[in-house]
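Spelled out, the chains give:
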Amino acid sequence: MNDSNFCKMIRMKRTLCRKYKLAKNGIAESGKAFDRLDEAAPGNLKTQWLASEMVAQSKRIRDPAAMDLYEINIKKAPSKKEIELRLLEAGNARHAAPSRRSVATWISIGLAIEEAQIALLIEVRRIGRRSTETQRLDI
């Protein structure tokens, strides 16, 4: 048992050095990404965010609810069916010509075909060049 721990300790230097180099390179990339994001944000919003942060930091000891400012509020994206229904309702399907009545349905079918093509491509790549007859028939 002690030998195993000793070996881990000896190899730890190599691993830590490798991870340190990766982290050091990641800092530069993260800095560039942050700068691009910072440039894209409007100045008045940045000022408002800084003021909100200062208020939250000063109130956090007395009122932990002040930290709710940092909660992520992302709305869930609508599903394909919800989008299709919305397009059908917005397209005023009753008064549209029959050829234009199901545009949303055509879009939905097109997306389903694309997904099937991607799934087939993934399956073909997984099987590789040397496939059995059964696998070729499945494709």
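Anything mentioned here points back to the structure above.
All values reported here derive from a predicted model rather than from experimental measurement.

A. Focus on the overall build of the chain. Check the secondary structure of the chain and you find five helices and zero strands. Secondary structure elements in the chain, listed N-terminal to C-terminal, are α-α-α-α-α. Burial statistics for the chain: of 139 residues in total, 6% are counted as buried. Surface accessibility of the chain: about 13,200 Å² in total, with carbon and sulfur atoms responsible for 60%.

B. Region of interest: a nonpolar patch on the surface. Nonpolar side chains collect at one region of the surface, where Phe6, Met9, Ile10, Met12 and Leu16 lie side by side and expose about 510 Å² of accessible area between them. Its location among the elements puts leucine 16 in helix α1 (residues 2–40).

C. Structural detail: the environment of serine 108. Relative to the elements of secondary structure, serine 108 occurs in helix α4 (residues 103–127). Residue serine 108 is classed as buried on the basis of its relative accessible area of 19%. Taking the C-alpha atoms as reference points, serine 108 and lysine 80, separated by 28 residues in sequence, lie 7.2 Å from one another.

D. Region of the structure containing the pattern of salt bridges. Counted under the stated rule, the structure contains two salt bridges. Put simply, lysine 46 and aspartate 38 hold a salt bridge, and the shortest N to O gap is 3.5 Å. For lysine 46, a relative accessible area of 26% gives the class partly exposed.

The rules behind the values
Residues numbered from 1 in each chain as written. Predicted model: local features only at pLDDT ≥ 70, side-chain atom pairs only at ≥ 80, totals over all residues. Heavy atoms only, no water. Helix = DSSP H or I, 4+ residues; strand = E, 2+ residues; numbered from the N terminus. Buried < 20%, exposed > 50% of the residue type's maximum accessible area, 1.4 Å probe, protein only. Areas by Shrake-Rupley, 256 points an atom, 1.4 Å probe, with all protein chains shown as cover. Patch = residues over 30% accessible without salt bridge, like charges linked within 9 Å, V, L, I, M, F, W, Y side chains within 5 Å. Salt bridge = Lys/Arg side-chain N within 4 Å of Asp/Glu carboxyl O.

These figures capture arrangement, not role.
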